[in-house]
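Per-entry structural report
Chain by chain, the residues:
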Amino acid sequence: MRLKYSILSRRKFLNFLLGGWAITFFSTLLYPIIKFIFPPYKEPEEVILPLAEFKDMSLYSAKNFSWGSKPGILLRKEGGFVAFIGVCTHFDCNVSWLPDQKKFFCACHNGWYDENGINIAGPPPAPLPKLNVEIDGENIIIKRWIKA
Ligand code: FES
């Protein structure tokens, strides 16, 4: 059965399609700009962890903790603890610690970092962001890295 009159004229239909396309196009352009200006992630000033949970870690073992909405990695080394933000500097994948190789590994594009967080192989362009670790009584205080 054919309708006598169309619900939409051809012109209205094309305007609707063009308007939808324009809204989608400009939204995809504006979204990253707005996200850059107003980042949704705010890095914490410090994170306090109970030392009791970490003091029995064996040498060259690592445990994860929350650094804001990102994963942090606390690594036990000879000199004590070191901490990094466990997010790859290539495209923000989470990295994991491989204790047998004593390296951090990013599975997304086969990126490697050494035990000091230095990028040693694969596409990562920069070292892992390092965090300051202090032991204060029964707490481990992890702060943003401040260059001395
Ligand atoms: S995101 Fe880690 S190597 Fe690409």
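The present account deals with the structure reproduced in this document. (Residues numbered from 1 in each chain as written. Predicted model: local features only at pLDDT ≥ 70, side-chain atom pairs only at ≥ 80, totals over all residues.)

1. What about the overall build of the chain?
Across its full length, the chain carries 1 helix and 10 strands. A globule of 148 residues ought to have a C-alpha radius of gyration of about 15 Å, yet the chain, at 24 Å, is considerably larger. By principal-axis analysis of the C-alpha atoms, the chain measures approximately 85 × 35 × 30 Å. In the chain, the share of contacts with a sequence separation of at least 24, taken over all contacts with a separation of at least 6, comes to 36%. (Helix = DSSP H or I, 4+ residues; strand = E, 2+ residues; numbered from the N terminus. Rg over C-alpha atoms; globule rule 2.2 N^0.38 Å. Contact = placed C-beta atoms within 7 Å.)

2. What to know about the pairing of strand 1 (residues 46–50)
The buried count for strand 1 comes to 0 of 5 residues, which makes it a mostly uncovered element. When strand 1 meets strand 10 (residues 139–144), the two strands line up antiparallel, connected through 5 bridges. Its bridge partner lying in strand 10, Ile 48 is registered against Ile 141. (Buried ≥ 20, exposed ≤ 12 C-beta atoms within 10 Å, placed from the backbone. Pairing = 2+ DSSP bridges.)

3. Notes on unusual backbone geometry
Phi is positive for Lys 102, which is not a glycine, with a value near 55 degrees. Mapping Lys 102 onto the fold places it in the loop between strand 5 (96–98) and strand 6 (103–106). Exposure remark for Lys 102: the 12 C-beta atoms within 10 Å place this residue in the exposed category. Even without being glycine, Asn 110 reaches a positive phi, approximately 60 degrees. For Asn 110, a count of 11 C-beta atoms within 10 Å gives the class exposed.

4. Side note on the nonpolar core
Within the largest apolar cluster, 19 residues are counted, with the highest numbers of intra-cluster contacts made by Ile 73, Leu 74, Leu 75, Ala 83, Phe 84, Val 95 and Leu 128. Of all the secondary structure elements, the ones that give two or more residues to this core are strand 2 (62–67), strand 3 (70–77), strand 4 (80–85), strand 6 and strand 10. For this core, the element with the highest residue contribution is strand 4, accounting for 4 residues. Those residues in contact with Leu 128 that lie beyond four places of it in its chain are Phe 84, Ile 85, Thr 89, Val 95, Phe 104, Tyr 113 and Gly 117. (Core = buried A, V, L, I, M, F, W, Y, C linked by C-beta atoms within 7 Å.)

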